[in-house]
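Structural overview
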Amino acid sequence: EKPWAKTYNGARSTPSYSEGILYHLGELGRLSAFNSRTGELVWSMELREQFDAEIPEYAYSESVFIEGDRLYCCPAGKKAYLICLNKHNGELIWSNSEIKGTVGFSSLISFDQGGYHQIAGLSSNSIFGVDATNGKLLWQVDYENSRSNNVTDPIYHKGHIFASSGYGKGSILIKLKDAVDGISP
């Protein structure tokens, strides 16, 4: 038994809802879709097994991000850090294994910037943005606190990403360039 299991057993994330389906990421990495009226299981996936991931220190706690027919989440495994699935059946659309770090314990966001529709989030040691179409890493900025756990969601506003973290790190404001050929902190 893992030492954290006694203190941290049970769900950590808030379920996400879309078109009559409730999506839940369990603390040990089981991603499930349920019919919200009947509770019937529509599909499920074991993220740790599928993407070769370790149990995060404080378990999985992100609320999966749904946009249109796509579901985005971070298994943070050796085979993929970030994935995009078809929300209707759980089939993999794309995966990204370029992102540094382990689970950041935060949820993803989306925005349009530099000609790309982007998905952004925090890992244990960075803030990143990928092309929502294909998962290609567009930018990444080192950002790690003394406990390697960025638990707050990033905020996007008019070409800037703001993030804040505890354990001595503080806040960061990143200005994204229009062409996404780099960033300037």
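Located above this text is the structure these notes cover.
Presented here is a report on the structure given in the accompanying data block. (Residues numbered from 1 in each chain as written. Predicted model: local features only at pLDDT ≥ 70, side-chain atom pairs only at ≥ 80, totals over all residues. Heavy atoms only, no water.)

1. Here we look at the sheet that holds strand 11 (residues 126–131)
Backbone hydrogen bonds are what pair the strands of a sheet, in a parallel or an antiparallel way. Judged by pairing direction, the sheet is antiparallel, and its four strands sit side by side in the order 9-10-11-12 without closing on themselves. The two strands at the open ends of the sheet, each matched to only one other strand, are strand 9 (109–113) and strand 12 (137–142). On average, each strand axis in the sheet is inclined to that of its neighbour by 25°, with strand direction left out of account. Where strand 11 lies against strand 12, five bridges are found, and the strand directions are antiparallel. Bridge pairing in strand 12 places Gly129 opposite Trp139. (Pairing = 2+ DSSP bridges. Helix = DSSP H or I, 4+ residues; strand = E, 2+ residues; numbered from the N terminus. Axes fitted to C-alpha atoms, helices over the stretch in contact; angles between N-to-C directions.)

2. Brief notes about the pattern of salt bridges
Under the counting rule described, the total for this entry stands at three salt bridges. The partner of Lys87 in a salt bridge is Glu19, and the shortest N-O contact between them spans 3.5 Å. Pair noted here: Lys87 is in the loop between strand 7 (82–86) and strand 8 (92–96) and Glu19 is in the loop between strand 1 (16–18) and strand 2 (21–25), with a separation of 68 residues, a long-range link. With relative accessibility at 1%, the residue Lys87 sits in the buried group. We note a salt bridge from Arg30 to Glu46, for which the minimum N-O separation is 3.6 Å. (Salt bridge = Lys/Arg side-chain N within 4 Å of Asp/Glu carboxyl O. Buried < 20%, exposed > 50% of the residue type's maximum accessible area, 1.4 Å probe, protein only.)

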